Amino acid sequence: MSDSNQFKLAGVMGMPVFQSRSPILHNYWIKKYNLKGAYGHFPVQIENVEAAVRGLSALGLIGCNITQPHKLMAMKLMDQLSPMAQRIGAINCIVVQPDGSLHGFNNDGFGYIQSLKDAKPTWRADDGPITVIGAGGAARAVVISLLDEGAKEIRLINRTRAKADELASVEPRIVKTYDWQERHAAMEGAAMLVNTTNQGMYGQPPLEISLDTLPKTAMVSDLIYIPLETPLLAAARERGHLTVNGLGMLLNQAIPAFEAWFGVKPEITEELRQAILATF
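Residues numbered from 1 in each chain as written. Predicted model: local features only at pLDDT ≥ 70, side-chain atom pairs only at ≥ 80, totals over all residues. Heavy atoms only, no water.

This next bit is on the pairing of strand S11 (residues 219–222). With burial as the criterion, each face of S11 is covered, one bearing Met219 and Ser221 and the other bearing Val220 and Asp222. As judged from the four bridges shared by strand S10 (residues 192–195) and S11, these two strands associate in the parallel manner. Its bridge partner lying in S11, Leu193 is registered against Val220. Across three bridges, the pairing between S11 and strand S12 (residues 242–244) is parallel. Its bridge partner being in S12, Val220 is matched across the sheet by Thr243. Following the backbone out of S11, through helix H8 (residues 231–239) and into the adjacent parallel S12, one traces a crossover that is right-handed. (Buried < 20%, exposed > 50% of the residue type's maximum accessible area, 1.4 Å probe, protein only. Helix = DSSP H or I, 4+ residues; strand = E, 2+ residues; numbered from the N terminus. Pairing = 2+ DSSP bridges. Right-handed = clockwise from strand over helix to strand, strands pointing away.)

What follows is the structure, encoded as structure tokens:
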């Protein structure tokens, strides 16, 4: 694995997985930096996750990304976890070590925060209350990263209140939960609204929400990037909000993974963005 001339293979593991644009961006970087390697799709059924993950080292892979629904199961198979992966309780990246051991990382929070700063360089987590919809793995990465950035008030809404309460326990002084019926009241005076659910993704119904109570100065963020503009972001744009889709998060979370695998810290260029946008 230390041989610079070795062909290095990585990919993204999930089910379904062929909708992922990760191969486009990683292969772009492999070509740009004249590296020997490739990155592909690894469609793995849920019952085969353990065999697939444990087989990474035996097959000589340098690692892989993990996407839904395998993030939690794969985490349990790691020999070592990064502090952030431990806090989030899920992984999105595996790095195979020279001795064959598997180290798990979660770069989602880093990617998300950087996408906000790319969209608005003056953005600060303590600008005002942040309303977050959803309480799954993606929400956990978002909430913890917002806390690390200094958020003073996070309003967490989920259809199942108990799941939101569980996530809020990471910092109950700052993260407050609301019933689903209170979602519109929870947007009053907010500086940012974040959708971490899959509502609005292709094949899913739109998020059931009105923006009437959200200040027009608020940023509206949606982790979805297929489509690039969800019904939520379309409604927000029409009201004049600054909107941020999930593409920036996808691009930025890939940077530390690529560096760990290939030893090069890549750059996000306009050419790369256009290459991905051309696939929509």
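Now that the structure has been shown, we can carry on.
Okay, the sheet that holds strand S4 (residues 80–81) next. Within the open sheet, the six strands sit side by side as S2-S1-S3-S5-S6-S4. Their pairing is mixed. Whereas interior strands pair on both sides, the edge strands pair on one side only; in this sheet they are strand S2 (37–43) and S4. The pairing of S4 with strand S6 (residues 102–105) spans two bridges and is parallel. Of the residues in S6, the one forming a bridge with Gln80 is His103. The strands touched by helix H1 (residues 22–32) are strand S1 (8–14), S2 and strand S3 (63–66); relative to S2, the strand with the most contacts, the crossing angle is about 170 degrees. (Contact = heavy atoms within 4.5 Å. Axes fitted to C-alpha atoms, helices over the stretch in contact; angles between N-to-C directions.)

Within S1, six of the seven residues are buried, which leaves it mostly tucked inside the rest of the structure. The pairing of S1 with S2 spans seven bridges and is classified as parallel. Considered in S2, the bridge of Met13 is made with Phe42. Handedness of the crossover joining S1 and S2 through H1: right-handed. In the sheet, S1 pairs with S3 via two bridges, with the strands oriented parallel. Across the sheet, residue Met13 finds its bridge partner in S3, namely Ile66.

In this section: the nonpolar core. Judged by nonpolar contacts, the single largest core of 27 residues is most densely connected at Tyr112, Leu146, Ile154 and Met192. Counting residues per element, the ones that place at least two in this core are helix H5 (108–119), strand S7 (130–133), helix H6 (137–148), strand S8 (154–157), helix H7 (161–168) and S10. Per-element tally for this core: the top contributor is H6, with five residues. Non-local contacts of Tyr112, meaning those with residues more than four positions away in its chain, are made with Val142, Ser145, Leu146, Met192, Val194, Ser221, Leu223 and Met249. Within the second largest apolar cluster, 24 residues are counted, among which are Ala10, Trp29, Tyr225 and Ala254. (Core = buried A, V, L, I, M, F, W, Y, C linked by side-chain atoms within 4.5 Å.)

The interhelical angle for the contact between H1 and helix H9 (residues 247–262), taken along N-to-C directions, is 50 degrees, at an axis separation of 11 Å. Viewed along their axes, H1 and H9 adopt a mutual orientation that is oblique. Here the hand of the crossing between H1 and H9 comes out right-handed. Contact with H1, carried on its side by Ser22, Leu25, His26, Trp29 and Ile30, involves Leu250, Leu251, Ala254, Ile255, Phe258, Trp261 and Phe262 of H9 and no other residues of that element. Within the contact of H1 with H9, the residues separate by chemical class into ten nonpolar, two polar and no charged. (Parallel < 35°, antiparallel > 145°, perpendicular 65-115°, else oblique. Left-handed = near helix turned anticlockwise from the far one by under 90°. Nonpolar A, V, L, I, M, F, W, Y, C, P; charged D, E, K, R; others polar.)

Take the sheet that holds strand S9 (residues 175–178) next. On the basis of which strands lie adjacent, the open sheet formed by six strands has the order S9-S8-S7-S10-S11-S12 and parallel pairing. Each edge of the sheet is formed by a strand with only one pairing partner; in this case those strands are S9 and S12. Neighbour-to-neighbour, the strand axes of this sheet turn through a mean angle of 20 degrees, independent of strand direction. Against the sheet, H5 touches S10, S11 and S12, its axis set at about 145 degrees to S12. H7 contacts S8 and S9 of the sheet and is inclined by roughly 175 degrees relative to S9.

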